[in-house]
4 protein chains.
Amino acid sequence: MRGVLSDPAVCAEGRTKRQQILDAAYQVFSRKGFHRATVDEIVALADTGKGTVYNYFVNKERLFYILVRERSAPFEAALAEVAAGPEDSPTKLRKIIRLFTKFFVDNADLWRVMIHEMRGVGAEGHSKLAPQQREKYREDMVRIVGDVEKVIRDGLAKGAFAGCDPKIAAYSLLSVVLMMAFQGFVGDDPEAAAERVADMFLHGITKRDPG
Amino acid sequence: MRGVLSDPAVCAEGRTKRQQILDAAYQVFSRKGFHRATVDEIVALADTGKGTVYNYFVNKERLFYILVRERSAPFEAALAEVAAGPEDSPTKLRKIIRLFTKFFVDNADLWRVMIHEMRGVGAEGHSKLAPQQREKYREDMVRIVGDVEKVIRDGLAKGAFAGCDPKIAAYSLLSVVLMMAFQGFVGDDPEAAAERVADMFLHGITKRDPG
Amino acid sequence: MRGVLSDPAVCAEGRTKRQQILDAAYQVFSRKGFHRATVDEIVALADTGKGTVYNYFVNKERLFYILVRERSAPFEAALAEVAAGPEDSPTKLRKIIRLFTKFFVDNADLWRVMIHEMRGVGAEGHSKLAPQQREKYREDMVRIVGDVEKVIRDGLAKGAFAGCDPKIAAYSLLSVVLMMAFQGFVGDDPEAAAERVADMFLHGITKRDPG
Amino acid sequence: MRGVLSDPAVCAEGRTKRQQILDAAYQVFSRKGFHRATVDEIVALADTGKGTVYNYFVNKERLFYILVRERSAPFEAALAEVAAGPEDSPTKLRKIIRLFTKFFVDNADLWRVMIHEMRGVGAEGHSKLAPQQREKYREDMVRIVGDVEKVIRDGLAKGAFAGCDPKIAAYSLLSVVLMMAFQGFVGDDPEAAAERVADMFLHGITKRDPG
DNA sequence: CATGAATGAGTATTCATTCAT
DNA sequence: GATGAATGAATACTCATTCAT
């Protein structure tokens, strides 16, 4: 048997058809949203045939889901690692905000589409997505928010944080970073943007007495 | 001007056909989103004919826009009044958060759909909306966020707030309240929920020294 | 309200859109069978728009079913009338064979398609038809065959017939007449063809002693 | 000719790839009909590759035709033998009915599909089959029915039968046996079923005077 | 010969919009 | 103004067939 580099379906450019399709789908879904994205457009961008898409993905819906999951996986892993790490809670939270920010710089559009499609992370809603498919999104989402929530809950227990509901705080964090990326407020320096959000989040906007 | 009772197309129930359509559209758009909402369903709910919709609104897109605008108008007015009011900045901000929260309890779904359709408040995007239509949404949005931004900028100038970009802070506020409503975190007591957000927003989640 | 002649959807030619579609569907289904018949072709023949078909019929499957049912209804009624009539069994059977023959001269193709789609009158089968739809066909079929069966059973009880299973005989009758029509054996004189079948059916092909 | 064991593509189980495909095709075509049968399913059942099918058969249509022909060949031979045999006509006819019945117990589904595809044994029709392909089916069919027809014609000439058109009688016979098999009326005892059909066919259903 | 990844022509169905009444 | 029958452009998905390995 031949090595990976000459596996079937590996193109001259070294990307498999499957990857070409995912890359094209990323662009089209991000730009158009789920409904307005057409398989035809994805196919044209992927430089492949329509049937090929359906060889790799059972339907448009699954293509979208797998795209989101594959794009999110590295981020999810990094997030889990930080959440489980040894640092104190504020440090973890700053790291997490940096991770989120960097992730959303690339994936804000895709995520916004996903969140729209699942319509409120679990509520019965407006997308065509099969309920069982929506549940998968919800689970992925809950796992991510859950990591953040855990860090905040730890911080509350250890006296580093106070006066907030950890779940609400976690969702707030996510929504603010998502908004930042989405509005283009992150700009060229994600690190700086992350710091700004972290400061606001940790200390609020009220001026503190210097003394 | 003639009285309501002699207005054209005022029905027995005292609602004009136009209003019946808007009410039905609100329900359907909120529940289904823009794309999955069908004119047929709106018409069925409005207890009117399909053609009638097109007598009052040039197309589905404009119907949606006008719906959003009419629903937002009272809120916008109240917001502007508070923003222009005499109170100090933190008080204003708390009031604003309360207004937002109450508004979104009813309109979170509609707004989320709108924001999705305009895709990022101005960025070139995924909806079918004509660019000029999107620009209208953007203007409405900017006006609303602008009021909040002004209050924060005032607070910064007067030394009540510190260490934040007023525009980012304003958008953050909006995104957090929207998320709260959307996730069902507001519950039965919007006032309490608003206070929680205000506290988090003004003071952050870091534990302050009691001394 | 206006009379039937000026009802909406009544065309200049006096046929409703619905009827135009059914007429076109009859031709196309008869000529092409269910699968190879395309809605496009039906629409072209019916001189109407594609959407119009779906205003009147929920889908291609239901269009086919309703077509078969409406085409069969008068025949079914006549059959039931004869079956319930006062004549003796052989006379009834001859009348029934005449009815079948005349009916199949026009509808053999449609019926063959239907029988193929229901694949064996009830067995689990090869068509795409929803099981519940197939059950409807089966019921219609059983009702028709049942009328014939009853006549034969009566004849057996009254000593006019002998030596046959009434159900099998009924199905045999149907299959032979269907075959005759299908093979073009009926020709210009359905009455004569019916007599030929009736003779064969009543007396067999064995030569009887003249004495 | 080489022995079976050294034939190309003879598998461990002793069936050639070609035969595996035919066996699988028999099952799938019988169960699903021509259109709904997919090459994919046949391939899966045959435990072979998709391309292999096209090495042995030019296309799905020819695969179906060859399948029908190979399945029918032994039956055709036996039928011809009986038809050409020395017995008297009624005996031959009874034998033929037995042959038909036994054959259709296994092949009724396949035949019904074939007859549907050729749509009326020669009439211009609804399948995608090339006209020249349909002509082949017609020839096979005519040959089979022709044998039966000859036996009946002989019987008429020799005074054993009377009062029937031999062609119509032959087709009737075929259609009744096919129907019996298809409706599951044959049951566990094909011999008995054949006798029942033969009796009905030879003597009709009219009660004869015992005297 | 055997294989199965790639392909695209073909089809049912939806739904915003129009317009004659 | 009110209505709803008619329309057709748009779109996801299937599956027979090919061909490079």
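The rules we used
- Residue indices begin from 1 for each chain and proceed along its sequence in written order.
- Chain letters and ligand numbers both follow the written order, the letters beginning at A and the numbers at 1.
- The model is predicted, so local features are restricted to residues of pLDDT at least 70 and side-chain atom pairs to those at 80 or more, both for listing and for counting; the totals for chains, interfaces and linings are taken over all residues.
- With hydrogens and water set aside, each side-chain value is computed from the structure's full complement of heavy atoms.
- Here the copies are superposed with least squares, the fitted atoms being C-alpha atoms of residues at a pLDDT of at least 70 in both.
- Contact definition: two residues touch when any of their heavy atoms are within 4.5 Å.
- Classification of ring pairs uses Phe, Tyr and Trp, with its six-membered ring standing for Trp, and accepts pairs whose centres are within 6.5 Å; under 30 degrees between planes counts as stacked, over 60 as edge-to-face, and the remaining range as tilted.
- To sort residues, take the accessible area from a 1.4 Å probe on protein chains only and compare it with the maximum for the residue type: under 20% means buried, over 50% means exposed, and anything in between is partly exposed.
- By definition, any uninterrupted DSSP run of H or I lasting at least four residues is a helix, any uninterrupted run of E lasting at least two residues is a strand, and each is numbered from the N terminus.
- Definition used: whenever NZ (Lys) or CZ (Arg) falls within 6 Å of the ring centre and also within 35 degrees of the ring normal, the charge is taken to sit over that ring.
- A molecule or strand has a residue near it when one of that residue's heavy atoms lies within 4 Å.
- Distance and chemistry together define a polar contact, namely a pair of N or O atoms within 3.5 Å, with one atom able to donate a hydrogen and the other to accept it when in protein, and with adjacent residues in sequence counting only for side-chain atoms on both sides.
- Polarity classes work like this: nonpolar for Ala, Val, Leu, Ile, Met, Phe, Trp, Tyr, Cys and Pro, charged for Asp, Glu, Lys and Arg, and polar for all others, with Gly in that last group.
- Two parts placed together each lose some accessible area under a 1.4 Å probe, and the buried area is that loss summed for both.
- Any Lys or Arg side-chain nitrogen found within 4 Å of a carboxyl oxygen on Asp or Glu counts as a salt bridge.

So, on to the relation of the copies chain B and chain A. Expressed as a screw operation, the relation of chain B to chain A combines 0.0 Å of axial shift with a rotation of 179 degrees, fitting to an RMSD of 0.2 Å. Taken together, the turn and the small shift mark the pair as related by a two-fold rotation axis. It is Gly204 of chain B whose C-alpha, among those of chain B, lies nearest the rotation axis, at 1.8 Å. When you check the interface residues of chain B against chain A, 100% turn up at the interface there too, and the contact is symmetric in its surfaces.

Let's shift gears to the packing of aromatic side chains. Applying the stated rule across the entire model yields 52 aromatic pairs over all chains. Ring geometry for Phe103 of chain C and Phe104 of chain C: centres 5.4 Å apart, planes at 50 degrees, overall tilted. Neither residue differs from the other here; Phe103 of chain C and Phe104 of chain C are each classed as buried. Geometrically, the ring pair formed by Phe185 of chain C and Tyr171 of chain D is edge-to-face, given 5.2 Å between the ring centres and 70 degrees between the ring planes. Here Phe185 of chain C, found in the loop between α7 (166-182) and α8 (190-203), pairs with Tyr171 of chain D, found in helix α7 (residues 166-182), and the two come from separate chains. Through a chain of ring-to-ring contacts, the aromatic side chains of Phe29, Phe34, Phe64, Tyr65 and Tyr137 of chain A assemble into a single cluster. Across the ring face of Tyr26 of chain D, the terminal group of Arg71 of chain D is positioned such that the distance to the ring centre comes to 3.7 Å.

Further remarks concern the relation of the copies chain D and chain C. Each copy superposes on the other: chain D lies on chain C with an RMSD of 0.2 Å after a rotation of 179 degrees and an axial shift of 0.0 Å. Of the residues that chain D buries at the interface, 100% are likewise interface residues in chain C, meaning the two copies contact each other through the same surface.

So, about the protein's contact with DNA strand F. If you check the shell around DNA strand F, you find 34 residues, and the closest are Lys50 of chain A, Thr48 of chain B together with Thr48, Gly51 and Tyr56 of chain C. The share of sugar and phosphate among atoms of DNA strand F within 4 Å of the protein is 57%. A distance of 2.9 Å separates a base nitrogen of DNA strand F from a polar backbone atom of Gly51 of chain B. Elements that contribute at least two residues to the surface near DNA strand F include exactly α3 (50-56) of chain A, α3 (50-56) of chain B, α3 (50-56) of chain C together with α3 (50-56) of chain D. Looking at the surface near DNA strand F, its residues break down into ten nonpolar, 15 polar and nine charged.

The next thing to look at is the interface of chain D and chain C. In this complex, chain D contributes 45 residues to the contact, which on the side of chain C involves 45 residues. Across the chain D/chain C interface, buried area totals approximately 4,200 Å², and carbon plus sulfur atoms make up 63% of it. The tally of links from chain D across to chain C stands at zero salt bridges. Looking at the side of chain D that touches chain C, the elements with two or more residues in it are α1 (17-36), α5 (89-118), α7 and α8 (190-203) of chain D. In terms of residue count, the dominant contributor to the side of chain D that touches chain C is α7 of chain D (ten residues). When grouped by side-chain class, the residues that make up the side of chain D that touches chain C number 20 nonpolar, 15 polar and ten charged.

It is worth spelling out the interface of chain B and chain A at this point. Contacts between chain B and chain A engage 45 residues on the former and 45 residues on the latter. Carbon and sulfur atoms supply 63% of the area that chain B and chain A bury against each other, a total of about 4,200 Å² over both sides. Connecting chain B to chain A are zero salt bridges. Counting the contacts that link chain B with chain A gives six residue pairs in polar contact (both at pLDDT 80 or more). Top element by residues in the side of chain B that touches chain A is helix α7 (residues 166-183) of chain B. It accounts for eleven residues. Of the residues assigned to the side of chain B that touches chain A, the class counts are 20 nonpolar, 15 polar and ten charged.

Close to DNA strand E lie 34 residues; Lys17, Thr48, Gly51 and Tyr56 of chain A together with Thr48 of chain D are nearest. When the atoms of DNA strand E within 4 Å of the protein are sorted by group, sugar and phosphate make up 57%. One of the side-chain nitrogen or oxygen atoms of Asn55 of chain A is found 3.2 Å away from a base nitrogen of DNA strand E. Here Tyr56 of chain A contributes a side-chain N or O atom positioned 2.5 Å from a phosphate oxygen of DNA strand E.

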